[in-house]
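Given next are the chains, with one letter for each unit.
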Amino acid sequence: MTLFSHHEFDNHEQVHFFNDAVSGLKAIIAVHNSHRGPALGGCRMFPYANDEDALTDVLRLSRGMTYKSALANLDLGGGKSVIIGDPRQHKTEALLEMMGRCLEKLGGSYIAAEDSGTSVPDLQVIGRHTRNVAGVVSRPGILGQPSSGDPSPATAYGTFIGLKTAVQHRLGRDDLHRLKVAIQGVGNVGLRLARHLHAAGAELYVSDIHQNQLAIAVEELGATVVPSDQVLTMNVDVIAPCAMGAILNDETIANIKAKVVAGAANNQLAEARHDQTLADHGILYAPDFAINAGGIIDIAYERNGGTPEDVMTHLESIAETLDELFTRARETGRPTGALANELAEERFKLNAVT
Ligand code: NAD
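All values derive from a computational prediction rather than experimental measurement.

Caption draft 1: Spatial organisation of the site of the ligand. In the vicinity of the ligand, 21 residues are found, and the nearest of them are Thr155, Asn188, Val189, Asp208 and Asn266. A distance of 2.9 Å separates an oxygen atom of the ligand from a polar atom in the backbone of asparagine 188. Between the ligand and the protein, one listed contact pairs a nitrogen atom with a side-chain N or O atom of serine 228 at 3.3 Å. A total of 820 Å² of accessible area belongs to the ligand in isolation, and the protein chains cover 75% of it.

Shown next as structure tokens:
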């Protein structure tokens, strides 16, 4: 296994490997870039097939966090951690406590948040031995709701704001009345996004693999259920992917009829070049890591003691970032995904410590 010549290495500042024979902890913590501040990113637990897969994942995800936080104008760098193991079998209190001790050794250069395979209660156990955990505090949340540390309400609201900005740019509309939106996945984020869209007068088409989530969308919001394999190619104005990644590929893009793609799912482009393919088809794509930054914004304000109003003000800036990206795309004829990467680089390289 190589590190400095690894294809995902991309100038990472730090990569730490931790092993504890007693608790069974095997973890990798990566700090990609800390020019803007301490590296914040999720702590993922997953039964990786081998160490190489775990390293590849942590490096790729850590780099992604640098770009997301910089694009959101947060004083945070990018990092990520992975615990190698099956969360259903290997996650014990002793293992999580040891993870906390490992985090503490890094002296605050990396701050862990919830990710797949870890929960808010898990982060609270990790937090017994370090203050370098985030998304764990109950506090007043946005829109008058209490926040338990779950970033989904902020992610959904940020996605809603970003979707409106995309609609303004591509469809020339300031209102969402009777706008047809197809949402793939009505889980934590997708259902909340659906509620915002419904309140703004949009017509909703939803798909999910869980019937109970669909039932809520139908009964509460009057949504129409569509089969999972048709949701992306519906004859609608906007599609909002809110389930899984890599759904924008050669096959789907050729059949998308919507003029706007604006959803919260991570890593929507199957390959980087697919942002150009979307543009070639006349589809305006809101880059995922720009539009879904609400969660990291919310977590950042938990750390600095900001109020719900501070969080809302920062969430509104997602619209400004997307406005800048869409304007650059129109002026240069270049795709929004590549432009988002460049804008993020401008923002984190500008703050480089000289
Ligand atoms: P979630 O698990 O609560 O919801 C995802 C939903 O998608 C589930 O209801 C699931 O049943 C459904 N789904 C899975 N496969 C599907 C398929 N083939 N077709 C239709 N629906 C399917 O997750 P979430 O927290 O709502 O996150 C959704 C997406 O947004 C993920 O990609 C996540 O990485 C991303 N994201 C979430 C946050 C956040 O704050 N939760 C922040 C940034 C990005």
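Caption draft 2: Examining the pattern of salt bridges more closely. Throughout the structure, instances matching the rule amount to 20 salt bridges. Here glutamate 97 ties to arginine 128 by a salt bridge, and the two come within 2.7 Å at their closest N and O atoms. Within this pair, whereas glutamate 97 is found in helix H3 (residues 93-105), its partner arginine 128 is found in the loop between helix H4 (120-126) and strand S6 (139-140), the two being separated by 31 residues in sequence. Accessibility expressed as a relative area gives 18% for glutamate 97, which makes it buried. Between glutamate 342 and arginine 334 there is a salt bridge, and its shortest N-O distance comes to 2.7 Å.

Caption draft 3: Layout of helix H5 (residues 152-171). Its 20 residues give H5 an end-to-end C-alpha distance of 27 Å, which sits within 8% of 28 Å, the value for a rise of 1.5 Å per residue. Among the 20 residues in H5, 14 count as buried, and that is most of the element. Trailing H5 by a residue or two, glycine 172 shows a phi angle of about 65°, which is positive.

Parameters and conventions
Residues numbered from 1 in each chain as written. Predicted model: local features only at pLDDT ≥ 70, side-chain atom pairs only at ≥ 80, totals over all residues. Heavy atoms only, no water. Near = heavy atom within 4 Å. Polar contact = N/O pair within 3.5 Å; in protein donor to acceptor, adjacent residues only side chain to side chain. Areas by Shrake-Rupley, 256 points an atom, 1.4 Å probe, with all protein chains shown as cover. Salt bridge = Lys/Arg side-chain N within 4 Å of Asp/Glu carboxyl O. Helix = DSSP H or I, 4+ residues; strand = E, 2+ residues; numbered from the N terminus. Buried < 20%, exposed > 50% of the residue type's maximum accessible area, 1.4 Å probe, protein only. Expected span 1.5 Å × (residues − 1).

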